[in-house]
Amino acid sequence: MKVLLIGSGGREHALASALNRDPKLEELHVAPGNPGIAEIATIHEIDILNNEAIVELAKKLAVDLVVIGPEKPLVNGVADALAKAKIPCFGPSKAAAQLEGSKDFAKKVMSDAGVPTARSATCKTQAEIEKALDKFGAPYVVKHDGLAAGKGVVVTNDRQAAIEHALASEQVVIEEFLDGPEVSLFGISDGQTVIPMQPAQDFKRALDGDLGPNTGGMGAYSPLPWAPDEIMDETLEQVLNPTVAEMSARGTPFIGLLYAGLALTDHGTRVIEFNARFGDPETQVLLPRLKSPLAQLLLAAATRKLHEFGPLEWSDESAVTVVLAAPGYPAAPEIGEPITGIAPIANSFVFHAGTQLRDGVLHSAGGRVLTVTGIGSDLTEARDAAYRTISKITLPNSHYRRDIALNASVAEKGN
Ligand code: AMP
Ligand code: GLY
């Protein structure tokens, strides 16, 4: 089987590695890819927001499946363009990708589907905004309605700051604060059948101790030794299945990866957000542990045959991933510096995110530069592998968190 993967980040490098392990995979093409991906796949230049160019490339390569990594091409309707050309695509239509593209839309779907989430109000005017803030109280949670690359959400005790953030967007969702640990749980959906993946946890703040600004994600680990055993079954039953059923009933079936960001509160599980694609960096800890053949899984979803696939198989090992970020990330990343010292020790992988080759020398090209994953028999061993490999990498003034999966690994050892 021949696969074309769209994207260029750490998530796509991890996807490419896992696709390559599928015994049925014959050719892997990635557009636009990055220097790390170029070592394991054929890469092609492309503008990922040019749907026609993606369809043309898929036709020229005669691929059996196109897998879309990032959200922007999905919200831009690439899956619809591929469907028109009768090319199987793993990734939802423009209409279904609104689950990520509009917070207000996601709230309406959850309400219609009976999916547990924070109570919320969608607001446009200052009067509506102030009324909603006072209704739900502090800490205030204000979300810009559209795609915002991780910058759309503010959680603050400062009422004035909440109002200012709200006024910066035409439409916002204001909601009650959810207290409890966050879990990312992904469902692979063919529009009808959903197969859940194991849960992961990501670290969204820039600095140790969950301090500093929100980022696209600074690290992740999986599995979660502290999470309830029923979390996959419960999330399937309460969140993933009803959402996918509601999208089908609306005539806009969701085919692709439904990412549920959950808060485990004292009152039960609540959805914080949906995304319409694999999470980054959760993918970098999930896929190295996945034993089921990924290309066949994603093709089964794209061709509506997931009911034939059966549950996923996972390795019993733990995985931890740590993001190496450019100086100044997330506010104002400085890029274009040389990277040296990439020499993964045993049981570790370096996934490229924002890198580029200049005269054959690797340089940084984005805010999140590399993601380093370690694997081990428990989280302590996995952390050790990841941190030993990342500590040898040199990128001037770069930074990474030292506490990814630290608390969970200590608790696991204590049990
Ligand atoms: P989102 O972009 O929706 O994932 O939000 C980014 C982050 O903001 C989440 O990972 C949470 O840490 C936080 N957040 C979003 N909504 C809420 C909420 N209702 N209560 C508490 N924290 C939230
Ligand atoms: N890890 C957060 C995201 O992918 O949106």
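Structure: above.
Definitions and cut-offs
Residues numbered from 1 in each chain as written. Chains lettered and ligands numbered in written order. Predicted model: local features only at pLDDT ≥ 70, side-chain atom pairs only at ≥ 80, totals over all residues. Heavy atoms only, no water. Helix = DSSP H or I, 4+ residues; strand = E, 2+ residues; numbered from the N terminus. Rg over C-alpha atoms; globule rule 2.2 N^0.38 Å. Buried < 20%, exposed > 50% of the residue type's maximum accessible area, 1.4 Å probe, protein only. Contact = heavy atoms within 4.5 Å. Areas by Shrake-Rupley, 256 points an atom, 1.4 Å probe, with all protein chains shown as cover. Lys, Arg positive; Asp, Glu negative; His and termini not counted. Charge placed at Lys NZ, Arg CZ, Asp CG, Glu CD. Near = heavy atom within 4 Å. Polar contact = N/O pair within 3.5 Å; in protein donor to acceptor, adjacent residues only side chain to side chain. Pairing = 2+ DSSP bridges. Axes fitted to C-alpha atoms, helices over the stretch in contact; angles between N-to-C directions. Phe/Tyr/Trp six-rings, centres within 6.5 Å; stacked < 30°, edge-to-face > 60°. Right-handed = clockwise from strand over helix to strand, strands pointing away. Nonpolar A, V, L, I, M, F, W, Y, C, P; charged D, E, K, R; others polar.

**Some remarks on the overall build of the chain**
(1) Moving on: A tally of helices and strands in the chain yields 13 helices and 22 strands.
(2) Moving on: Here the chain has a C-alpha radius of gyration of 20 Å; the compact-globule value for 415 residues is 22 Å, and the two agree.
(3) Moving on: On the principal axes, the C-alpha backbone points of the chain span a range of 55 × 45 × 45 Å.
(4) Moving on: Per-residue burial for the chain yields a buried fraction of 56% across its 415 residues.
(5) Moving on: The long-range fraction of contacts in the chain, counting pairs at least 24 apart against all pairs at least 6 apart in sequence, stands at 69%.
(6) Moving on: Carbon and sulfur atoms provide 49% of the accessible area of the chain, an area that totals close to 17,000 Å².
(7) Moving on: Of the side chains in the chain, 37 bear a positive and 52 a negative charge, and the two mean positions are spaced by 3 Å.

**Quick word on the site of ligand 1**
(1) Moving on: What surrounds ligand 1 is a group of 13 residues, the closest being Glu175, Leu178, Glu182, Lys204 and Glu273.
(2) Moving on: Between a nitrogen atom of ligand 1 and a side-chain N or O atom of lysine 143, the distance comes to 3.0 Å.
(3) Moving on: In this structure, leucine 178 approaches ligand 1 through a main-chain N or O atom, which is 2.8 Å from a nitrogen atom.
(4) Moving on: With the chains in place, 89% of the 480 Å² that ligand 1 exposes on its own is no longer accessible.

**Some details on the sheet that holds strand β1 (residues 2-7)**
(1) Moving on: In spatial order, the strands read β3-β2-β1-β4-β5; together these five strands make up an open sheet with parallel pairing. Lying at the two open borders of the sheet, with one neighbouring strand each, are β3 (42-43) and β5 (89-90).
(2) Moving on: The pairing of strand β4 (residues 65-68) with β5 spans two bridges and is parallel. Opposite valine 66, over in β5, you have cysteine 89 as the bridge partner.
(3) Moving on: With respect to the sheet, helix α2 (residues 51-61) is in contact with β1, β2 (27-32) and β4, its orientation differing from that of β1 by roughly 155 degrees.

**Details of the side chain of arginine 277**
(1) Moving on: Along the chain, arginine 277 turns up in the loop between β17 (268-275) and α10 (282-286).
(2) Moving on: A polar side-chain atom of arginine 277 sits 3.1 Å from a polar atom in the side chain of glutamate 100.
(3) Moving on: Apart from the residues within four sequence positions on either side, arginine 277 is in contact with Arg11, Gly69, Pro70, Glu71, Leu74, Glu100, Leu257 and Tyr259.

**Looking at the packing of aromatic side chains**
(1) Moving on: A full pass over the atoms with the stated rule returns six aromatic pairs.
(2) Moving on: Ring centres of phenylalanine 90 and phenylalanine 278 lie 6.1 Å apart, and the angle between their planes is 40 degrees; on these two criteria the pair is classed as tilted. Placement of phenylalanine 90 in strand β5 and of phenylalanine 278 in the loop between β17 and α10 is noted, with a sequence separation of 188 residues between them. The two residues phenylalanine 90 and phenylalanine 278 agree in class, both being buried.
(3) Moving on: Judged by centre distance (6.5 Å) and plane angle (85 degrees), the rings of phenylalanine 186 and phenylalanine 278 are edge-to-face.

**Describing the pairing of β1**
(1) Moving on: For β1, the tally of buried residues reaches five of six residues, placing the bulk of the element in the interior.
(2) Moving on: Taken together, the six bridges between β1 and β2 define a ladder with parallel strand orientation. Residue pairing in the sheet places leucine 4 in a bridge with histidine 29 of β2.
(3) Moving on: After leaving β1, the chain enters helix α1 (residues 10-21) and then returns to the sheet as β2, a path that is right-handed.
(4) Moving on: Strand direction decides the pairing type here: β1 and β4, joined by four bridges, are parallel. Within β4, the residue paired with valine 3 across the bridge is leucine 65.

**Comments concerning the site of ligand 2**
(1) Moving on: The immediate surroundings of ligand 2 are formed by Asp202, Gly216, Tyr259, Asn275, Arg277, Gly279, Asp280, Pro281 and Glu282.
(2) Moving on: When the free accessible area of ligand 2 is taken as 200 Å², the share hidden by the protein chains comes to 88%.
(3) Moving on: Among the residues making up the shell around ligand 2, the classes are represented as two nonpolar, three polar and four charged.

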